[in-house]
Amino acid sequence: GQQLNQSPQSMFIQEGEDVSMNCTSSSIFNTWLWYKQDPGEGPVLLIALYKAGELTSNGRLTAQFGITRKDSFLNISASIPSDVGIYFCAGQAIQGAQKLVFGQGTRLTINP
Amino acid sequence: NAGVTQTPKFQVLKTGQSMTLQCAQDMNHNSMYWYRQDPGMGLRLIYYSASEGTTDKGEVPNGYNVSRLNKREFSLRLESAAPSQTSVYFCASSPTSVFNYGYTFGSGTRLTVV
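Residues numbered from 1 in each chain as written. Chains lettered and ligands numbered in written order. Predicted model: local features only at pLDDT ≥ 70, side-chain atom pairs only at ≥ 80, totals over all residues. Heavy atoms only, no water.

A.B. asks: Got a sec to walk through the overall build of chain A? Specific residues and values, please.
C.D. replies: In terms of regular secondary structure, chain A is built from 0 helices and 11 strands. Over its C-alpha atoms chain A spans a radius of gyration of 13 Å, differing by no more than 12% from the 13 Å that the globule rule assigns to 112 residues. Taking the principal axes of its C-alpha atoms as reference, chain A extends roughly 45 × 25 × 20 Å. Buried positions account for 44% of the 112 residues belonging to chain A. Nonlocal contacts in chain A, meaning residues at least 24 apart in sequence, comprise 54% of its contacts between residues at least 6 apart. Of the roughly 5200 Å² that chain A leaves accessible, carbon and sulfur atoms contribute 51%. Of the side chains in chain A, 7 bear a positive and 8 a negative charge, and the two mean positions are spaced by 13 Å. (Helix = DSSP H or I, 4+ residues; strand = E, 2+ residues; numbered from the N terminus. Rg over C-alpha atoms; globule rule 2.2 N^0.38 Å. Buried < 20%, exposed > 50% of the residue type's maximum accessible area, 1.4 Å probe, protein only. Contact = heavy atoms within 4.5 Å. Areas by Shrake-Rupley, 256 points an atom, 1.4 Å probe, with all protein chains shown as cover. Lys, Arg positive; Asp, Glu negative; His and termini not counted. Charge placed at Lys NZ, Arg CZ, Asp CG, Glu CD.)

A.B. asks: Report on the nonpolar core, specifying residues and quantitative values.
C.D. replies: Most often, soluble globular proteins keep nonpolar side chains buried together rather than apart. Counting 23 residues, the largest nonpolar core has W32, W34, L74 and L108 of chain A as the members making the most contacts within it. If sequence neighbours within four positions are ignored, L74 of chain A has contacts with V19, S20, M21, W34, I47, L61, T62, A63 and Y87 of chain A. Counting 20 residues, the second-largest nonpolar core is a separate cluster that includes V60, Y64, Y89 and V113 of chain B. (Core = buried A, V, L, I, M, F, W, Y, C linked by side-chain atoms within 4.5 Å.)

A.B. asks: Now, about the pattern of salt bridges: what can you tell me, with residues and values included?
C.D. replies: In total, this model carries 5 salt bridges over all chains according to the counting rule given. A salt bridge links K36 of chain A to D38 of chain A, with the shortest nitrogen-to-oxygen separation between them at 3.1 Å. The class of D38 of chain A is partly exposed, set by a relative accessible area of 35%. Close ionic contact of D38 of chain B with R36 of chain B constitutes a salt bridge, the shortest N to O distance being 2.9 Å. (Salt bridge = Lys/Arg side-chain N within 4 Å of Asp/Glu carboxyl O.)

A.B. asks: Outline the packing of aromatic side chains, listing residues and values.
C.D. replies: Within this structure, the stated rule accounts for 13 aromatic pairs over all chains. With a centroid separation of 6.2 Å and an interplanar angle of 50 degrees, the aromatic rings of Y35 of chain B and F105 of chain B are classed as tilted. Of this pair, Y35 of chain B sits in strand β4 (residues 31–37) while F105 of chain B sits in strand β10 (residues 104–105), and the two are 70 residues apart along the sequence. Residue Y35 of chain B shares its accessibility class with F105 of chain B, and that shared class is buried. Centroid distance F90 of chain B to F105 of chain B: 6.3 Å. Interplanar angle 85 degrees. Geometry classified as edge-to-face. Here the residue F90 of chain B occupies a position in strand β9 (residues 87–94), and F105 of chain B occupies one in strand β10, the gap between them amounting to 15 residues. Judged by its relative accessible area of 1%, F90 of chain B falls in the buried class. One aromatic cluster is present, built from ring pairs that chain together Y35, F88 and F102 of chain A together with Y33, Y35, Y48, F90, Y103 and F105 of chain B. (Phe/Tyr/Trp six-rings, centres within 6.5 Å; stacked < 30°, edge-to-face > 60°.)

A.B. asks: Which residues make up the layout of surface pockets, and what are the values?
C.D. replies: A probe as big as a water molecule, rolled over the atoms, marks out the empty space that is left. Volume-wise, the largest pocket comes out at about 650 Å³. Lining the largest pocket are 29 residues; nearest its centre among them are Q37, I86 and R107 of chain A together with Q37 and R110 of chain B. Class assignment of the residues belonging to the lining of the largest pocket gives a composition of 9 nonpolar, 14 polar and 6 charged. (1 Å grid on protein atoms, 1.4 Å probe; cavity = no way out; pocket = protein on both sides within 12 Å on 5 of 7 lines; lining within 4 Å. Points joined across faces, edges and corners; volume = space filled by probe spheres on them. Nonpolar A, V, L, I, M, F, W, Y, C, P; charged D, E, K, R; others polar.)

A.B. asks: Can you break down the sheet that holds strand β7 (residues 64–68) of chain B residue by residue, with the values?
C.D. replies: Residue and element names in this part refer to chain B. Here we have 4 strands laid out as an open sheet, ordered β1-β3-β8-β7, and antiparallel in their pairing. Every other strand in the sheet has two partners, leaving β1 (4–7) and β7 as the edge strands with one partner each. Taken over all neighbouring pairs, the strand axes of this sheet differ in orientation by 15 degrees on average, direction set aside. Direction of pairing for strand β3 (residues 19–25) relative to strand β8 (residues 74–78): antiparallel, over a ladder of 3 bridges. (Pairing = 2+ DSSP bridges. Axes fitted to C-alpha atoms, helices over the stretch in contact; angles between N-to-C directions.)

So far we have only geometry, and geometry alone does not tell us how the molecule works.
This is the structure:
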């Protein structure tokens, strides 16, 4: 099946630092999504990207849909304690099934 | 405004027991999904229902069955639970499966099979 490789798997940073994570695919996607999961909860949609090259922001979060359509990036600026959680990328392929494929997740830990 | 509701939140089963995980959404979404989450493996699709009356296998369907009871409800059944099915199970829904506006997830069911 389709695979999404998300990196890094975990990050330990200081409060106030910027964060970058990315996701790559072996196949072309027409939609990229970024989710955040808080402990004991389901993932919540942060940003959705629908066009190659698209750059979209949501507060301190910025995500980009790669030009090759095989990757996406999420940046968090000036991290705060509530940013702690697991971040997932997800993609939907152009052909085949319409369902989402998820990356393995990036666990973000912030030291105050 | 409940969104996606999953029951139960926690369950412990003995090997060989059966159970049904319930999911209901109140957003009038057409498509519903069941995922399992295991450490280091992200979310893997078990089954999905593109619309009422249809169900299809996902990436890891073995050992599971589903029922799309109506537009609101999509249940996941384990007929004979195995320790390998210890996981956190998430139900999700979306307006359509054709163009993805993103899923709305429930808060999960944490299942332990001993």
